[in-house]
Amino acid sequence: MSEGIAYCYARVSTQMQAEDGMSLGAQEKQLIAAAELAGYEAVILREEGRSGKSITGRPVLRQALEDLDSGKAKALFVTRLDRLARSTRDFLSIVDRSHKYEWRLALLDLGLDTGTYQGRFVVTIMSAMAEMERGMISMRQRDVHKDRRDNKKVWGVDLGPLPLVKLDIRDRITSERDAGLSYKMIADNLNNEAIPTVLGGAKWYASTVRHIYLRKQNA
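What counts and what doesn't
- Residues numbered from 1 in each chain as written.
- Predicted model: local features only at pLDDT ≥ 70, side-chain atom pairs only at ≥ 80, totals over all residues.
- Heavy atoms only, no water.
- Pairing = 2+ DSSP bridges.
- Helix = DSSP H or I, 4+ residues; strand = E, 2+ residues; numbered from the N terminus.
- Contact = heavy atoms within 4.5 Å.
- Axes fitted to C-alpha atoms, helices over the stretch in contact; angles between N-to-C directions.
- Expected span 1.5 Å × (residues − 1).
- Buried < 20%, exposed > 50% of the residue type's maximum accessible area, 1.4 Å probe, protein only.
- Parallel < 35°, antiparallel > 145°, perpendicular 65-115°, else oblique.
- Left-handed = near helix turned anticlockwise from the far one by under 90°.
- Nonpolar A, V, L, I, M, F, W, Y, C, P; charged D, E, K, R; others polar.
- Core = buried A, V, L, I, M, F, W, Y, C linked by side-chain atoms within 4.5 Å.
- pLDDT = per-residue confidence, 0-100.
- Arc of directions from axis to C-beta.

This paragraph deals with the sheet that holds strand E3 (residues 75-78). Sheet architecture is open: five strands sit in the order E2-E1-E3-E4-E5, paired in mixed fashion. Where the open sheet ends on each side, the last strands, each with one partner, are strand E2 (41-48) and strand E5 (112-113). With four bridges joining them, strand E1 (residues 5-12) and E3 adopt parallel strand pairing. Note on E3: the bridge partner recorded for Cys-8 is Phe-77. Packed onto the sheet, helix H2 (residues 24-37) meets E1, E2 and E3 and runs at close to 160° relative to E1.

What follows is the structure in structure tokens.
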């Protein structure tokens, strides 16, 4: 009885074939033999002239991964790691998906096969590494946001692309503040004269005036 459909993914770029001479046909023979030996119905997927630098530029592989995640196919066989991914992040992402959605991943050159106990162990470790990397990225982002809040930094004023403040408005805020007016008084004056804000809004706030003033002082 068949184990289901196994995608046999074969990829070659012009440079890759020139370097090692392994054509799509040669890859397909190896993949079909391995998939059928494991009891699967082999379905060949070809990707020609595509770089292995990123998954995003390989529509055949991306569709295959979606099919595997949804259960339309049960396994993915590839002759060599560099046929699947050259980016560590892409590879760990694929490994993580195979672990999460419980489909079989077999890399013939490494002998990595999640259909074996050893393969499942290796994939579990790799999935944990991918999860750890996501957690570390999330933690770094939280730390950055916390630092911004602690230092009262505002995106679009202290950080990021800055909206253009008209020179006459900036000079006015500076002169009125230097003359002793509070930030609230300056904001009220601007509002009373119906002067649009930096982003075209109708109301000025003391905090906005303060940031514009301090930005100019630190320039």
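A few words on helix H7 (residues 167-178). When the terminal C-alpha atoms of H7 are compared, their 16 Å separation across twelve residues agrees well with the 16 Å that a helix rising 1.5 Å per residue should span. For H7, every residue scored as buried is listed here: Ile-169, Arg-172, Ile-173, Thr-174 and Glu-176. Backbone geometry just downstream of H7 places Gly-180 in the positive-phi region, at approximately 105°.

A few words on unusual backbone geometry. Positive phi outside glycine occurs at Glu-102, with the angle close to 60°. One can find Glu-102 in the loop between helix H5 (88-101) and strand E4 (104-107). Unlike most non-glycine residues, Ala-194 shows phi in positive territory, near 55°. When you line up the elements, Ala-194 lands in the loop between helix H8 (183-192) and helix H9 (206-218). Judged by relative accessible area, which is 60%, Ala-194 ranks as exposed.

Between H7 and H8, the least distance of the axes is 10 Å, while the angle of their chain directions is 135°. The angle between H7 and H8 falls in the class oblique. As for the relative orientation of H7 and H8, their crossing is right-handed in sense. Contact residues: Arg-172, Ile-173, Glu-176 and Arg-177 in H7; Tyr-183, Ile-186, Asn-189 and Leu-190 in H8. Of the residues that constitute the contact of H7 with H8, the class distribution is four nonpolar, one polar and three charged.

Attention shifts here to the nonpolar core. Leu-76, Leu-84 and Phe-91 are the most contacted members of the largest nonpolar core, which totals 23 residues. Of all the secondary structure elements, the ones that give two or more residues to this core are E1, helix H3 (59-70), E3, H5, E4 and helix H6 (117-150). Ignoring anything within four residues of it in the chain, the contact list for Leu-76 reads Tyr-7, Tyr-9, Leu-65, Leu-68, Leu-84, Trp-103, Arg-104, Leu-105 and Ala-106.

On average, residues of the chain score 82 in pLDDT, and 83% of them are at 70 or above. Of all helices and strands in the chain, the one with the weakest mean pLDDT is helix H1 (residues 14-20) (52), whereas E3 scores best (96).

Moving on to H8. What H8 keeps buried is the set Tyr-183, Ile-186, Ala-187 and Leu-190. In an axial view of H8, the angular spread of the buried residues amounts to 100°, which keeps them on one side of the axis. Exposed and facing more than 90 degrees away from the buried side of H8 are Lys-184 and Asn-192. Trailing H8 by a residue or two, Ala-194 shows a phi angle of about 55°, which is positive.

What follows is about the packing of H3 against H5. Running from N to C, H3 and H5 point in directions that differ by 20°, and their axes come no closer than 9 Å. Classified by the angle their axes make, H3 and H5 are roughly parallel. For the pair H3 and H5, the sense of crossing is left-handed. Contacts between H3 and H5 involve Leu-65, Glu-66 and Asp-69 from the first element and Ile-94, Arg-97 and Tyr-101 from the second. Taken together, the residues of the contact of H3 with H5 break down into three nonpolar, no polar and three charged.

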